[in-house]
Amino acid sequence: MFAIATAAALSLPISPCCSSKLNNKRGVRGGFRVLAIIGDDGRLVERKSPWMTLFDVEDPRSKVPQYKGKFLDAYQALEVARHDIQYCDWKARQDVLTIMLLHEKVVDVLNPLAREFKSIGTLKKDLAELQEELAQAHNQVHISEARVSTALDKLAYMETLVNDKILQERNTTESDLSPPTPSTSEECKDTGKSRQRRRSLNVSGPVQPYSAHLKNFWYPVAFSSDLKDDTMVPIDCFEEPWVLFRGKDGKPGCVQNTCAHRACPLHLGSVNEGRIQCPYHGWEYSTDGKCEKMPSTRSLNVKIKALPCFEQEGMIWIWPGDDPPTAELPSLLPPPGFQIHAEIVMELPVEHGLLLDNLLDLAHAPFTHTSTFAKGWSVPSLVKFLTPATGLQGYWDPYPIDMEFRPPCMVLSTIGISKPGKLEGQSTRECSTHLHQLHVCLPSSRQKTRLLYRMSLDFAPILKHIPFMQYLWRHFAEKVLNEDLRLVVGQQERMLNGANVWNLPVSYDKLGVRYRLWRDSVEQGSKQFPFSKSS
């Protein structure tokens, strides 16, 4: 501890502050500042502020690319926008530093030692000047905040242009590889059609067989609460039937839902001492797929396929791919302060990519969800999704909603609310209460999705203890989902007949487009995926 006693005040080293920039700026002639204090051992200890490292940032203006008098392409313009953000950050730091130094000057002026060398009139004059400078500095901070907001909007707009550029280059490359046809030549004469075709993603026709690369991820397939010691949960994943059950040790297992004997569905049987028993002839399988019992016959060395299966944070995960599974599973827990109120599972008649497209789009809400959560919403003049250049997450403007696509098939969102179905504020940080949602879209087959939905709140914990509340939550979830399903099912029918469901993306489609580019990259076997944290 430092010994700072009133009796020792006169022995504190002090120094006139005439050389200070802030003093010279207003012509202040004097002042004192504490430069050091006396430690327990009697030595002088220099006073250092731990905050000063925050302001030790180089002025970025010298590194701004020089494009004066030139036309910029999308990538150069994006680089300029990024430097604009860096400058705003540096300027904001300087504004805050100015305020801190001015506050320090106020402390110096009010120092009892300094008062002995100045009249009351001089002190009042100094304080009035400092008050004026502080007001100007605070005003400058507000200006910097506005600049940052404008720069972020610019950056989001430039990212949209670059995203369009990526789509154009990608589709141009594809068209160069395909053989020319008379119809293609005729279409290229029409400039408008050509531009539309270059900007579109090609998601049309029957869904192709799933790429093996898409299977090399951990997939959540069930909630832990649904898998009791004596129950089974049958699932389809990538068009293969599987069944979940718990072994003798209570750990979950996932085996092929087909008996090796006569291809009977195993989930129609029962769990017997940690083994799943076929209802046809009683063959029993452990969680690793080995047949451990064959009643009424000589035992054979038989094993059915089993998948790596783990339990974490209330969910059962499987690895359906052929590559060795990664060591870590992603966390899907809600943020701190939230309590889980509902966990719901549904089987839906749509391909999982179409469902993800829908979940990653909020601009449709005031038109589609007019009977549920978006009832009464006004239609904004502009809807934007603001996100980092290399991210699969961001926030919606003007809605107070944060959203993230978490590979391979999860969507997490946090919604700022005041009352059920009502929005408030311009960002989630400005809202007092929040709803957190997790959607897992498991690809059951090319026209079927297993949806896992988890809802959490950071308010009203008493709702967890109301009887039958889970049925009410399910009713609400199904009502919202049905508003989407009638549209997505219609999309799927037209897609199967050749329509392109991503024919003309616009700015608020950014997150959905990034998901599609990510998925295309995975299915093509790329080593690095676009927009991922590792790339």
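Everything that follows concerns the structure shown earlier in this document.
Residues numbered from 1 in each chain as written. Predicted model: local features only at pLDDT ≥ 70, side-chain atom pairs only at ≥ 80, totals over all residues. Heavy atoms only, no water.

K.L.:
Got a minute to help me understand the nonpolar core in this structure?
P.N.:
Within soluble globular proteins, side chains that are nonpolar tend to cluster in buried spots. Membership of the largest hydrophobic core comes to 84 residues, with the highest contact counts inside it found for Leu-244 and Ile-318. Here the element with the most residues in this core is helix α9 (residues 469-496); it accounts for seven residues. When sequence neighbours within four positions are dropped, the list of residues in contact with Leu-244 reads Val-221, Ala-222, Leu-227, Thr-231, Met-232, Val-233, Gly-253, Cys-254, Ile-316 and Ile-318. (Core = buried A, V, L, I, M, F, W, Y, C linked by side-chain atoms within 4.5 Å. Buried < 20%, exposed > 50% of the residue type's maximum accessible area, 1.4 Å probe, protein only. Helix = DSSP H or I, 4+ residues; strand = E, 2+ residues; numbered from the N terminus. Contact = heavy atoms within 4.5 Å.)

K.L.:
I tried to follow the pairing of strand β22 (residues 448-457) on my own but got confused; where do I start?
P.N.:
As a general feature of sheets, a regular strand has side chains that alternate between the two faces. Burial of β22 is extensive: nine of the 10 residues sit out of reach of the surface. The pairing of strand β16 (residues 339-348) with β22 spans nine bridges and is classified as antiparallel. Bridge pairing in β22 links Met-346 to Leu-451. Sheet topology note: the strand β21 (residues 433-445)/β22 ladder contains 10 bridges and is antiparallel. In the sheet register, Gln-437 faces β22, and the bridge partner there is Met-455. (Pairing = 2+ DSSP bridges.)

K.L.:
What am I meant to see in the pattern of salt bridges here?
P.N.:
Any two side chains of opposite charge can pair, so long as their charged atoms come close to each other. Scanning the entire structure with this criterion turns up 14 salt bridges. In this structure, Glu-273 and Arg-275 form a salt bridge, with 3.6 Å as the shortest nitrogen-oxygen distance. A residue is classified by how much of its surface remains accessible, and Glu-273, at 53% relative accessible area, is exposed. Using a relative accessible area of 7% as the deciding quantity, one classes Arg-275 as buried. Arg-275 is the salt-bridge partner of Glu-284, the closest N and O atoms lying 2.7 Å from each other. Each member of the pair, Glu-284 as well as Arg-275, is classed as buried. Three or more residues joined by partner-sharing salt bridges are found here, namely Glu-273, Arg-275, Glu-284 and Glu-292. (Salt bridge = Lys/Arg side-chain N within 4 Å of Asp/Glu carboxyl O.)

K.L.:
Explain the sheet that holds strand β9 (residues 270-272) to me, please; I cannot follow it from the model alone.
P.N.:
Hydrogen bonding along the main chain pairs the strands of a sheet, whether they run parallel or antiparallel. Ordered by their spatial adjacency, four strands build an open sheet running β9-β10-β11-β12, and the pairing between neighbours is antiparallel. Each of the sheet's edge strands pairs with one partner strand only, and the pair in question is β9 and β12 (291-293). Here strand β11 (residues 284-285) runs beside β12; their pairing, made up of two bridges, is antiparallel. If you follow Glu-284 over to β12, its bridge partner there is Lys-293.

K.L.:
Help me understand the side chain of Asp-509, please; the structure alone is not making it clear to me.
P.N.:
One can find Asp-509 in the loop between α9 and α10 (510-523). Since its relative accessible area comes to 14%, Asp-509 is described here as buried. Among the polar contacts listed, one links the side chain of Asp-509 to the backbone nitrogen of Val-506, at a separation of 2.9 Å. Ignoring anything within four residues of it in the chain, the contact list for Asp-509 reads Trp-502 and Leu-504. (Polar contact = N/O pair within 3.5 Å; in protein donor to acceptor, adjacent residues only side chain to side chain.)

K.L.:
When you look at the sheet that holds strand β14 (residues 309-312) in this model, what are you seeing that I'm missing?
P.N.:
With antiparallel pairing, the three strands of this open sheet are ordered in space as β5-β15-β14. Here the strands that pair on one side only, and so sit at the sheet edges, are β5 (219-223) and β14. For this sheet the average axis-to-axis angle between neighbouring strands, irrespective of direction, equals 30°. (Axes fitted to C-alpha atoms, helices over the stretch in contact; angles between N-to-C directions.)

Everything listed here is a matter of geometry and, on its own, says nothing about what the molecule does.
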